[in-house]
Amino acid sequence: EAQLVASGGDSVQAGESLTLSCAASGFIFEDHAVGWFRQAPGKEREQIACIGYAGDNKYYVDSVRGRFFVSRDNHGNAAWLQMNSLKAEDTAVYFCAAGLVVVSSTSCSLPGFEYWAQGTQVTVSS
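Residues numbered from 1 in each chain as written. Predicted model: local features only at pLDDT ≥ 70, side-chain atom pairs only at ≥ 80, totals over all residues. Heavy atoms only, no water.

Undergrad: Hey, could you run me through the state of the cysteines in this one?
TA: Disulfide: a covalent bond formed between the sulfur atoms of two cysteine residues. Enumeration over the complete set of coordinates arrives at two disulfides. Covalently, Cys22 is tied to Cys96 through a disulfide, its sulfur atoms 2.1 Å apart. Here the disulfide of Cys22 and Cys96 is right-handed, its torsion about the S-S bond being about 80°. One end of the pair, Cys22, is in strand S3 (residues 18-25); the other, Cys96, is in strand S9 (residues 92-99), and 74 residues separate them in sequence. (Disulfide = S-S within 2.5 Å. Helix = DSSP H or I, 4+ residues; strand = E, 2+ residues; numbered from the N terminus.)

Undergrad: Is there a simple way to explain unusual backbone geometry in this structure?
TA: The general pattern is negative phi for most residues beyond glycine and trans for most peptide bonds. The phi dihedral of Asn77 is positive, around 55°, even though this residue is not glycine. Tracing the backbone through its elements, the reader meets Asn77 in the loop between strand S7 (68-73) and strand S8 (78-83). A residue is classified by how much of its surface remains accessible, and Asn77, at 27% relative accessible area, is partly exposed. Non-glycine residue Ser85 carries a positive phi angle of around 50°. Inspection of the secondary structure assignment puts Ser85 in the loop between S8 and S9. (Buried < 20%, exposed > 50% of the residue type's maximum accessible area, 1.4 Å probe, protein only.)

Undergrad: Looking at this model, I keep getting lost on the environment of Leu81. Mind explaining?
TA: Among the structural elements, Leu81 can be located in strand S8. Sequence separation between Leu81 and Phe29 is 52 residues; the distance between their C-alpha atoms is 16 Å.

Undergrad: Help me understand the packing of aromatic side chains in this model?
TA: Both the distance between ring centres and the angle between the ring planes are used here to describe each pair of aromatic rings. Tallied over the full model, the rule gives five aromatic pairs. Arranged with centres 5.4 Å apart and planes meeting at 85°, the rings of Phe37 and Phe113 form a pair that is edge-to-face. Note that Phe37 is positioned in strand S4 (residues 33-39) and Phe113 in strand S10 (residues 113-116), a separation of 76 residues in sequence. With respect to burial, Phe37 and Phe113 carry one shared label: buried. One aromatic cluster is present, built from ring pairs that chain together Phe27, Phe29 and Tyr115. Above the face of the Phe37 ring, Arg45 is positioned so that its terminal group lies 5.7 Å from the ring centre. Directly above the ring of Phe29 sits Arg72, whose terminal nitrogen or CZ lies 4.3 Å from the centroid. (Phe/Tyr/Trp six-rings, centres within 6.5 Å; stacked < 30°, edge-to-face > 60°. Lys NZ or Arg CZ within 6 Å of the ring centre and 35° of its normal.)

Undergrad: Any chance you could explain the pairing of S7 here in plain terms?
TA: Residues in a regular strand project their side chains so that they alternate between the two faces of the sheet. Side chains Phe68, Val70 and Arg72 of S7 all project onto a buried face; the interleaved residues Phe69, Ser71 and Asp73 project onto a face where none is buried. Connecting the antiparallel pair S7 and S8 is a turn made up of four residues, with Asn77 showing a positive phi of about 55°. (Pairing = 2+ DSSP bridges.)

Here it is, written out as structure tokens:
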């Protein structure tokens, strides 16, 4: 059974850093791009970053570019979202997803993500 497990959410102070993990099993992880999403209370889910299947192509939404960094280890079937200089507006439930998606520095197609993790809560206090 294909499964993604997101972890690492926590409550932190503004300016601090946090790294989220995404562990995959039950499918060929190295063939799939990984996307990171978040949903704040009362808001729609937002795609914030993606990393291509080989780890070379990466996409970031403007609001996190330069602060958040995605990485992956295909041998370990895992991906990470390193979040630096966190702000109160980064407070949200964060999700990772995997899919046969083409990633470039300017785009990452949402409809292609077929496997989703449960969310992990990130709370940033100012």
